[in-house]
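Next come the chains, spelled out residue by residue.
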Amino acid sequence: MSTILFELGCEELPPKSLKPLRDALQTSVTEQLSAAEITFDSVKAFAAPRRLAIQIEGISDKQPDRTEQKRGPAIKAAFDSDGNPTRAAMGFAKGLGIEASELTTINTDKGDYVGFEQTISGQATTELLPAIFQTALDSLPIAKRMRSGASRNEFVRPVQWVVLMQDDTVIDATIQGHQTGSQTRGHRFQSPDYHDIAHANDYEQLLDGLKVVADFDKRQMLIKNQVKALADEVNSDAIVPQDLLDEVTALVDFPIALRASFEARFLQVPQEALISTMQADQKYFCLTDKTGKLQPYFIFITNIESKDPNQIIEGNEKVVRPRLADAEFFFLQDQKQPLFALTESLKTRVFQDKLGTIWEKSERIAKLAAFIATLMQQQGHDINVDDTVRAGILSKADLASSLVGEYPELQGIAGTYYARLNEEPEAVAASLEEQYLPKFSGDVLPQTPVGICLALADRLDTLVGIFAIDQAPTGSKDPFSLRRSAIGILRILIEKQLPINLVALVEQAIKGYSDAEGSKIAKMGDTFTQVMAFLNSRYRAMYTEQGVSVDTIQAVQAINPHMPLDFDQRIRAVQAFSELSQASMLADSNKRVANILAKSEVSVADTVDETLLSETAEQNLYANVQQAQTVVQPLLEQADYTQVLQTLASLDEPLTQFFDNVMVNSDDAALKNNRLALLKQVRALFLTVADISELQL
């Protein structure tokens, strides 16, 4: 057993790609070693700005020997009547490089054959490794490869050196056009020369001494700890997004965290703008107090241990000041006019060529949001319809602001700041930011009633409009994020417990595209059908992500509920039903009932004639159905679907007895039709919740 070290030295690798490259390299090497049956104790990957490396400990020196059985012609064809080998046998033996006398007999179910077992020696690990590493490098997820100089070898960045060692010995090979060796390089500035690696086990320790923390995760932990310590010194919390942390970790070999500050006057600017520019442009970690309010400090990571860190701190403070001043300028510039005045320029800004301007969209949002607010009022929610209309009109105003023009990610957020400065009602101001929630899967939902109305109206308007102009999502393409919008609508209606019908919302959204001059939607009926189908199709994506089985979703979709909250309640009821001991039997019985009714050549009656119930089993089933109908009716009015299915579970035994003892397709037409009517009532009871026959239990 020995240790293998592979290191690829490059010019600085793309920071956003470094971690994925490391993981892909480790995965590929591990899979190839396993496929080659080379055993090892561990594989560790390293990644720093100028290197990717793999260290394999406890690796076997060679592949295991293996025995292969070669089967030749049948015994009858291999030997003549005198027992001498035929030309077929001699040809088979010659192909294996042996004498015919060395052939053995292989017994199989199909007869006896001549054969030979040969032992194939395993190949030395050192012979296989160069190809394994080259294959791993070739398969890395690199969007665009480059060539360096006259070399025809391609990689994400120019390769400068390659190390490949087994313990203290170089494995001679050419990888990426470079001859392998045992020399690495340290920190670009603090240890730039080549240094010999005495043993593959010394790699990480050697680089530590050369001011390179080669282990990505270790380097990241150092950054996190240093950032936290500096934040604690000023009683603050650091904002450390994982993507930014990964990128910063990939930018430095030897991380040193320093804290700097900026003028407190900049804190009057929306903190989201300051945070955005410091994170995106400068790769800084911002600090907030315990309530989440931005503090006049930031932490940055240097790649060098400076003798005078104050100079570095002052330099970063100089660099960030103009960026913060820009944000301040845009913020103050926007305040020279009220938020509502910005809506004037929206009248010339196009939302979509065929769907009009952003101003027209704002008007549609206001009308649709008011409709939703009225529904919520009727359901007992405390919401002001006039505030909702005002919020709708102002919903897109900040798109014309200088601040959003510079920082597009602040749409809605800037509007909320400006609305508060203009002393708009708080319900209006808060909703301007909330209209964009949820922004992604699992994101928070709008909290205020007006914000909920705006979020629903905005998404519904876009959904209807884009479908109306035949630009619905196709395959993996969804330029208007309609799938995300649809799931956002469903989540809001379900999680905010709003019993609102999708049919009413979509119809109202379509009406919003009509004015005195007519409608922008040529085919209203087709648009309605397509949008409803699209919304219903999103249930599957949403619930499978929550771990709900596909058959459970299909069982509810089969009865096509139009109210998302009602759909969710049915899903939960079917999930609970699936866990009952009777569930499997009842699902099968429902399938059988559905098939019998589908094959009926006559229209099945809704009522049952008690005088025709001649068999004890059908009388018993009818009595149980009658009782279930009585119990279920008030439960359905309360939408207590879980209890409905719990009640219907009692039909398990009567149904089983019915199918065991009653001939449905009786020769007597009256009896047959009456029994079909009874089964129709059974089917109807279950369909009040879901189509249980869809369950695969």
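Going by the structure above, here's the rest.
Residues numbered from 1 in each chain as written. Predicted model: local features only at pLDDT ≥ 70, side-chain atom pairs only at ≥ 80, totals over all residues. Heavy atoms only, no water.

1. Topic: the pattern of salt bridges
In the structure shown here, the tally under the stated rule is 33 salt bridges. The closest approach of N and O atoms between Arg483 and Asp478, which form a salt bridge, is 3.8 Å. The buried category is assigned to Asp478, whose relative accessible area is 18%. The shortest N-O distance in the salt bridge between Asp606 and Lys680 comes to 2.7 Å. Placement of Asp606 in the loop between α22 (583-598) and α23 (616-637) and of Lys680 in helix α26 (residues 669-687) is noted, with a sequence separation of 74 residues between them. (Salt bridge = Lys/Arg side-chain N within 4 Å of Asp/Glu carboxyl O. Buried < 20%, exposed > 50% of the residue type's maximum accessible area, 1.4 Å probe, protein only. Helix = DSSP H or I, 4+ residues; strand = E, 2+ residues; numbered from the N terminus.)

2. Focus: helix α19 (residues 524-545)
Compared with an ideal rise of 1.5 Å per residue, which puts 22 residues at 32 Å, α19 spans 32 Å between its outermost C-alpha atoms and is within 8% of the ideal. Among the residues of α19, Thr527, Val531, Met532, Phe534, Leu535, Asn536, Arg538, Tyr539, Met542 and Tyr543 are the ones counted as buried. On its buried face, α19 is in contact with α16 (449-468), α17 (482-495), α18 (502-511), α20 (550-557) and α21 (564-578). One or two steps after α19, the chain reaches Gly547, where phi turns positive at roughly 90°. (Expected span 1.5 Å × (residues − 1). Contact = heavy atoms within 4.5 Å.)

3. Describing the packing of α22 against α26
Where α22 contacts α26, the axes come no closer than 10 Å and their chain directions differ by 130°. The angle between the axes of α22 and α26 places the two elements in the oblique class. Between α22 and α26 the crossing geometry is left-handed. Where α22 approaches α26, its residues Leu586, Asn590, Val593, Ala594, Ile596 and Leu597 are matched on the opposing element by Leu676, Leu679, Lys680, Arg683 and Phe686. Residues that form the contact of α22 with α26 fall into these classes: 8 nonpolar, 1 polar and 2 charged. (Axes fitted to C-alpha atoms, helices over the stretch in contact; angles between N-to-C directions. Parallel < 35°, antiparallel > 145°, perpendicular 65-115°, else oblique. Left-handed = near helix turned anticlockwise from the far one by under 90°. Nonpolar A, V, L, I, M, F, W, Y, C, P; charged D, E, K, R; others polar.)

4. Points about the sheet that holds strand β15 (residues 237-238)
Taking strand neighbours across the sheet as the criterion, the 4 strands line up as β15-β17-β18-β16 in an open arrangement whose pairing is antiparallel. Here the strands that pair on one side only, and so sit at the sheet edges, are β15 and β16 (256-261). In the packing of helix α6 (residues 216-233) onto the sheet, contacts are made with β15, β16, β17 (285-288) and β18 (294-302), and the angle to β16 comes to roughly 30°. (Pairing = 2+ DSSP bridges.)

5. Some points on the side chain of Glu434
Structurally, Glu434 can be placed in helix α15 (residues 426-434). Buried within the structure, Glu434 lacks any salt-bridge partner; Lys496 is the closest side chain of opposite charge, at an N-O distance of 7.6 Å. Leave out the neighbours within four places in its chain, and Glu434 touches Pro446, Gln447, Thr448, Gly451 and Ala455. (Lys, Arg positive; Asp, Glu negative; His and termini not counted.)

6. Here we look at unusual backbone geometry
In this model, Leu437 is joined to Pro438 through a cis peptide bond whose omega is -5°. Counting through the fold element by element, Pro438 comes out in the loop between α15 and α16. Positive phi outside glycine occurs at Lys283, with the angle close to 60°. Within the element layout of this structure, Lys283 appears in the loop between α8 (271-282) and β17. Given a relative accessible area of 22%, Lys283 falls into the partly exposed group.

7. What about the packing of α22 against helix α25 (residues 652-661)?
In contact at an axis separation of 10 Å, α22 and α25 are set at 50° when each is read in the N-to-C sense. One way to sum up the angle between α22 and α25 is to call them oblique. Handedness of the crossing formed by α22 with α25: left-handed. Between α22, through Met585, Leu586, Ser589, Arg592, Val593 and Ile596, and α25, the contact on the second element is made entirely by Asp652, Leu655, Thr656 and Phe659. Grouping the amino acids of the contact of α22 with α25 by side-chain chemistry returns 6 nonpolar, 2 polar and 2 charged.

8. What about the pairing of strand β1 (residues 2-10)?
Along β1, 9 of the 9 residues are buried, which leaves the element largely enclosed by surrounding structure. Judged by which residues are buried, β1 turns out to be covered on both faces: Ser2, Ile4, Phe6, Leu8 and Cys10 on one side and Thr3, Leu5, Glu7 and Gly9 on the other are all buried. Pairing of β1 with strand β3 (residues 51-59) involves 7 bridges; the strand directions are antiparallel. Its bridge partner lying in β3, Ile4 is registered against Ile56. Judged from the 7 bridges that link them, β1 and strand β9 (residues 159-166) form a sheet pairing that is antiparallel. Paired with Phe6 across the bridge in β9 is Leu164.

9. Focus: the sheet that holds strand β2 (residues 42-48)
Taken in spatial order, the 5 strands of this open sheet run β2-β3-β1-β9-β10, and their pairing is antiparallel. Looking along the sheet, the strands with just one partner apiece sit at the ends: β2 and β10 (169-170). With 2 bridges joining them, β9 and β10 adopt antiparallel strand pairing. Looking at β10, one finds that Met165 is bridged to Val170. Docked against the sheet, helix α4 (residues 125-138) engages β1, β3 and β9, running at close to 35° with respect to β1.

10. Things to note about α25
Burial in α25 covers these residues: Asp652, Pro654, Leu655, Phe658 and Phe659. Buried residues in α25 make contact with α22, α23, α24 (641-648) and α26.

11. Topic: the environment of Val550
Tracing the backbone shows Val550 in helix α20. Judged by its relative accessible area of 29%, Val550 is partly exposed. Counting along the chain gives 146 residues from Val550 to Gln696, while the straight-line C-alpha distance between them is 9.4 Å. Residue contacts for Val550: discarding those within four places in its chain leaves Arg540 and Thr544.

12. What about the pairing of strand β5 (residues 104-108)?
Pairing of β5 with strand β6 (residues 111-120), which is carried by 5 bridges, proceeds in the antiparallel orientation. Bridge pairing in β6 links Thr104 to Gly115.

13. Here we look at the packing of aromatic side chains
Going through the model one piece at a time under the given rule, you end up with 13 aromatic pairs. Judged by centre distance (6.2 Å) and plane angle (40°), the rings of Phe298 and Phe300 are tilted. In this pair, the class of Phe298 matches that of Phe300, namely buried. Measuring from centroid to centroid gives 5.1 Å for Phe467 and Phe534, while their planes differ by 55°, and the two rings are tilted. In this pair, Phe467 is assigned in helix α16 and Phe534 in helix α19, connecting sequence segments 67 residues apart. Exposure class is identical for Phe467 and Phe534. Each is buried. (Phe/Tyr/Trp six-rings, centres within 6.5 Å; stacked < 30°, edge-to-face > 60°.)

Honestly, it's all geometry; don't read function into it.
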